[in-house]
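Single-letter residue listing:
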Amino acid sequence: MAKFHAPLSEEDLSLIHALQIDPRAGWVDVGAALGVHPTSAAARWDRLAASGAAWVTAHALGDPQEVSLSFIGVDAVTEGQSGVVDALCAIAEVITVEQTASSRALMLTVITDSMAQLSTEVIPRIRAIDGVLGYDVSLCTRQHFNGSSWRLNALSRAQQQQLRPPPRPERQPGRLPPSHLDLLPLLARDGRATAASMARGLGRTPATVQRQLNRVLGSGTLSLRCDMAQSLSGYPVTCQWFAKVPAGRHEAAAAALRQLPFVRFLASTTGRSNFTIIMWLRSVADIMDVELTLQQNIPDIELQETVVMLACLKRVGRRLRLDGTALPPR
């Protein structure tokens with residue numbers, strides 16, 4: 001049975017907001033911005049992470065010229081659907097799995113190193129799962145906004161300025177050596193893992209791992225994000241719109257939508273619809289208001305389908321409980 005957690009305190013929300021800005025910020029800097037002792041900030045984070053209320057994770061970005069981000073709607077049997085979900089979550093390239101209130105029982109977000117890997121490895125594995133009745137695929141042609149940029153409104157402007165995100169490094173040519181790639185699974189488990197803790201797991205010296213970590217973090221090949229249980233965020237409803245936007249208007253539409261506080265994801269896609277919008281909302285009742293706002297901000301948008309998510313079972317590689325808190329990484 002799922003354990004549903006009490007609401008987070010303002011101090012908890014402030015700490016999560018701080019790490020959304022800079023997921024690997026030092027506790028001295030975090031404490032200074034929040035007006036608390038560094039050890040108090042660290043202890044509070046340890047409690048949040050242990051309960052699964054919040055976590056920091058990382059994933060490789062891959063070669064932007066090759067990597068494929070795709071969305072797969074899966075039709076699945078009703079009875080025994082939990083087995084289908086478990087099998088889908090076990091596929092590493094399937095980074096997000098959500099149950100929906102629509103004709104698609106499940107919505108998947110998939111990242112592969114190439115289109116070839118998607119078509120020859122991932123889709124056949126999905127198709128082979130007992131209980132999968134059908135699927136449809138759309139490809140992301142441009143990502144305009146994602147959950148790593150979504151913020152809680154918990155810190156003052158002055159506090160946010162104290163915690164400016166680190167400059168995004170330019171991608172460096174060439175692949176990281178295997179010794180450096182060994183750090184990626186450890187950072188996926190805990191995006192704040194220290195060089196000392198990773199050194200123990202890898203059997204290397206802390207100095208060696210620190211040098212390798214610095215290169216990994218500076219390579220521009222890794223995306224770090226602080227995430228949290230949606231049920232504790234104050235925005236418990238996920239809604240996704242499949243829309244049609246005229247060619248040449250996608251950038252303008254994305255610029256207008258980025259100003260809305262509820263937006264979690266914006267992307268141009270292939271398929272019957274060519275623009276995807278995902279928001280976290282306070283209630284289902286907000287959907288009609290949002291749709292009116294979309295029409296007012298983007299007069300030429302055509303909303304083709306509205307999908308409410310019933311549950312998120314895996315988000316950006318992390319398995320979740322029914323209450324949205326994260327299970328301990330395996």
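Look above for the structure.
Counting restarts for each chain: residues are numbered from 1 in the order of the written sequence. Given that the model is predicted, a residue must reach a pLDDT of at least 70 before its local features are reported, and side-chain atom pairs must reach 80 or more before they are shown or counted; all residues, however, enter totals for whole chains, interfaces and linings. Calculated side-chain values reflect all of the structure's heavy atoms, with hydrogen atoms and water omitted.

*Asks:* Any chance you could break down the packing of aromatic side chains for me, citing the residues and the numbers?
*Replies:* Stacked, tilted and edge-to-face pairs are distinguished by plane angle, under 30 degrees for stacked and over 60 for edge-to-face with tilted covering the rest, among Phe, Tyr and Trp rings (Trp via its six-membered ring) whose centres lie within 6.5 Å. Counted under the stated rule, the structure contains four aromatic pairs. Ring plane angle 55° and centroid distance 5.8 Å describe the contact between Tyr235 and Phe262, whose orientation is recorded as tilted. Of this pair, Tyr235 sits in the loop between strand S6 (222-228) and strand S7 (237-244) while Phe262 sits in the loop between helix H11 (250-257) and strand S8 (263-269), and the two are 27 residues apart along the sequence. Linked through ring pairs, Trp150, Tyr235, Phe262 and Trp280 together constitute an aromatic cluster. Note on geometry: a ring has a charge over it if NZ (lysine) or CZ (arginine) is within 6 Å of the ring centre and within 35 degrees of the ring normal. Lying over the aromatic face of Trp27, Arg192 brings its terminal NZ or CZ to 4.2 Å of the ring centre. Every helix listed is a DSSP run of H or I at least four residues long, and every strand listed is a run of E at least two residues long, numbered separately from the N terminus.

*Asks:* Before we move on, can you summarise the environment of Arg189 with the specific residues and values?
*Replies:* Tracing the sequence through the fold places Arg189 in helix H8 (residues 183-189). Each residue gets one of three labels from its accessible area relative to the maximum for its type: buried under 20%, exposed over 50%, partly exposed in between, using a 1.4 Å probe on protein chains only. On the accessibility criterion, Arg189 (37% relative accessible area) is partly exposed. Expressed as a C-alpha distance, the spacing of Arg189 and His59, which sit 130 residues apart in the sequence, is 9.7 Å. Contacts: residue pairs with any heavy atoms within 4.5 Å of one another. Sequence-distant contacts of Arg189, that is, excluding residues within four places in its chain, are made with Val56, Arg318, Pro329 and Arg330.

*Asks:* A description of the nonpolar core should follow, citing residues and the corresponding values.
*Replies:* Within this scheme, the nonpolar core is defined by two criteria: the residues are buried Ala, Val, Leu, Ile, Met, Phe, Trp, Tyr or Cys, and they are joined through side-chain atoms within 4.5 Å. Residues Val30, Trp45 and Met228 are the most contacted members of the largest nonpolar core, which totals 29 residues. Counting only elements with at least two residues in this core, the list comes to helix H1 (10-21), helix H2 (27-34), helix H3 (38-51), strand S1 (54-60) and S6. Of all the elements, H1 adds the most residues to this core, at six residues. Excluding residues within four positions of it along the chain, Met228 makes contact with Leu8, Leu13, Ile16, Ala53, Ala54, Trp55, Trp150, Leu152, Ser233, Trp280 and Arg315.

*Asks:* Which residues make up the side chain of Gln240, and what are the values?
*Replies:* You can see Gln240 is positioned in strand S7. In this structure Gln240 comes out as buried when scored by relative accessible area, which is 3%. Discounting residues that sit within four places of it in the chain, Gln240 has contacts with Met107, Thr276, Ile277, Ile278, Glu305, Thr306, Val307 and Met309.

*Asks:* Quick rundown of the pattern of salt bridges? Include the residues and the values.
*Replies:* The term salt bridge refers to a pairing of a side-chain nitrogen on Lys or Arg with a carboxyl oxygen on Asp or Glu at a separation within 4 Å. Inspection of the entire model under this criterion finds 10 salt bridges. Linking Arg142 and Glu251 is a salt bridge whose minimum nitrogen-to-oxygen distance equals 2.7 Å. Taken together, the residues Arg142 in strand S5 (residues 132-145) and Glu251 in helix H11 connect sequence positions 109 residues apart. Among the salt bridges present, the one from Asp227 reaches Arg315, with a minimum N-O distance of 2.9 Å. Of this pair, Asp227 sits in strand S6 while Arg315 sits in strand S10 (residues 302-315); the two residues are 88 residues apart in sequence, bridging distant segments of the chain. Asp227 gets classed as buried once you look at its relative accessible area, which sits at 2%. The buried category is assigned to Arg315, whose relative accessible area is 7%. Salt bridges sharing partners connect three or more residues here, namely Arg225, Asp227, Arg264 and Arg315.

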